[in-house]
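As a plain string of letters, each chain reads:
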Amino acid sequence: MSLSAFLKQNVKQIENEKVIVSERFIDENGEVIPFEVRVLTNDEDEQIRKQCTYKKQIPGKKYQYMNETDYEKYVGMQAVACTVYPDLKDSSLQDSYGVMGELNLLKAMLTPGEYANYLGAVQKINGFDKDMEDIVDEAKN
C-alpha cells in the first residue's frame with residue numbers, strides 16, 4: 001500500500017462553503033446573501049481553545065487548579081475565525097451595529113436562533129458533527 005495518498009499535494013482540499021444564515025440579509029435583487037465559511041487549521045483551533053481556557057481552583061484544595069474551557073466563547077470565536085464573508089473586522093460594519101469586535105458584531109447581526117444555527121453550521125464544516133462511529137460507518141459504505 002502506498003503512502004502517496006497522504007502526501008499534502010494529493011489530499012483533497014476543503015473548499016469554503018456558503019451558508020444561508022438569515023433570510024434578512026438580501027441584495028438589491030432580493031436574493032438572500034449567504035455567509036462564506038472556511039475550515040480552521042488545527043493550529044488556529046488550538047490558539048482559540050487556549051484563549052478560552054482558564055485555571056479554576058479546585059474547591060477545598062488550596063493551590064490546586066484545573067483547566068476549564070468557556071465553551072460558548074470557544075464556539076463563538078471559532079465562528080468568527082471561520083467567517084470569510086462578511087468581513088467581521090470591517091469597522092464600518094461594526095459601527096453600523098454600534099459594537100466593537102468581531103464576536104460582538106456577529107451576535108448583534110444575528111437573532112439568538114440564527115446565531116445558534118450558525119455556530120452549528122461552523123461546527124459541522126469543521127468536522128465536529130461526526131463521532132468515530134459515523135466515520136467508520138461512512139468508510140465502510
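Conventions adopted
- Residues numbered from 1 in each chain as written.
- Predicted model: local features only at pLDDT ≥ 70, side-chain atom pairs only at ≥ 80, totals over all residues.
- Heavy atoms only, no water.
- Helix = DSSP H or I, 4+ residues; strand = E, 2+ residues; numbered from the N terminus.
- Rg over C-alpha atoms; globule rule 2.2 N^0.38 Å.
- Buried < 20%, exposed > 50% of the residue type's maximum accessible area, 1.4 Å probe, protein only.
- Contact = heavy atoms within 4.5 Å.
- Areas by Shrake-Rupley, 256 points an atom, 1.4 Å probe, with all protein chains shown as cover.
- 1 Å grid on protein atoms, 1.4 Å probe; cavity = no way out; pocket = protein on both sides within 12 Å on 5 of 7 lines; lining within 4 Å.
- Points joined across faces, edges and corners; volume = space filled by probe spheres on them.
- Nonpolar A, V, L, I, M, F, W, Y, C, P; charged D, E, K, R; others polar.
- Salt bridge = Lys/Arg side-chain N within 4 Å of Asp/Glu carboxyl O.
- Pairing = 2+ DSSP bridges.
- Axes fitted to C-alpha atoms, helices over the stretch in contact; angles between N-to-C directions.

> Summarise the overall build of the protein; cite the residues concerned and give the values.
Regarding its fold elements, the protein presents 6 helices and 5 strands. A compact globule built from 141 residues should have a C-alpha radius of gyration of about 14 Å, whereas the protein, at 19 Å, is more than 25% larger. Expressed along its principal axes, the backbone C-alpha trace of the protein runs to roughly 55 × 50 × 25 Å. Scored against the burial criterion, the 141 residues of the protein give a buried share of 26%. Contacts in the protein between residues far apart in sequence, at least 24 positions, make up 47% of those at least 6 positions apart. Accessible surface, the protein: about 10,500 Å² in total, of which carbon and sulfur atoms supply 52%.

> Describe the layout of surface pockets, with residues and values.
Within this model, the largest pocket holds a volume of roughly 250 Å³. As for the largest pocket, its lining consists of 13 residues, and the residues nearest its centre are Met77, Val80, Ala81, Lys89 and Glu102. Ranked by the residues each element gives to the lining of the largest pocket, the list is headed by helix α2 (residues 71–82), at 3 residues. Looking at side-chain class alone, the lining of the largest pocket contains 7 nonpolar, 2 polar and 4 charged residues. If you add up the space inside the second largest pocket, you get close to 160 Å³. Around the second largest pocket, the lining residues are Val11, Lys12, Gln13, Ile14, Glu15, Asn16, Arg38, Val39, Leu40 and Thr41. A class-by-class count of the residues in the lining of the second largest pocket yields 4 nonpolar, 3 polar and 3 charged.

> So what's going on with the pattern of salt bridges? Which residues, and what values?
Tallying each qualifying case throughout the model produces 6 salt bridges. A salt bridge links Arg24 to Glu114; the nearest nitrogen and oxygen atoms lie 2.8 Å apart. Within this pair, whereas Arg24 is found in the loop between β1 (17–19) and β2 (35–37), its partner Glu114 is found in helix α5 (residues 112–125), the two being separated by 90 residues in sequence. Linking Glu68 and Lys56 is a salt bridge whose minimum nitrogen-to-oxygen distance equals 3.9 Å. With Glu68 in strand β4 (residues 65–69) and Lys56 in strand β3 (residues 53–57), this residue pair connects regions lying 12 residues apart in the sequence.

> Requested: an account of the sheet that holds β2, with residues and values cited.
Pairing in this open sheet of 3 strands is antiparallel, and the strands run β1-β2-β5 from one edge to the other. This sheet does not close on itself; its edge strands, each paired only once, are β1 and β5 (83–85). Strand after strand, the sheet turns through a mean of 40 degrees between neighbouring axes, direction not considered. Sheet analysis places β1 next to β2, joined by 3 bridges and oriented antiparallel. Pairing of Val19 across the sheet is with Phe35, part of β2. Packed on one face of the sheet, α2 meets β2 and β5 and runs near 35 degrees to β5.

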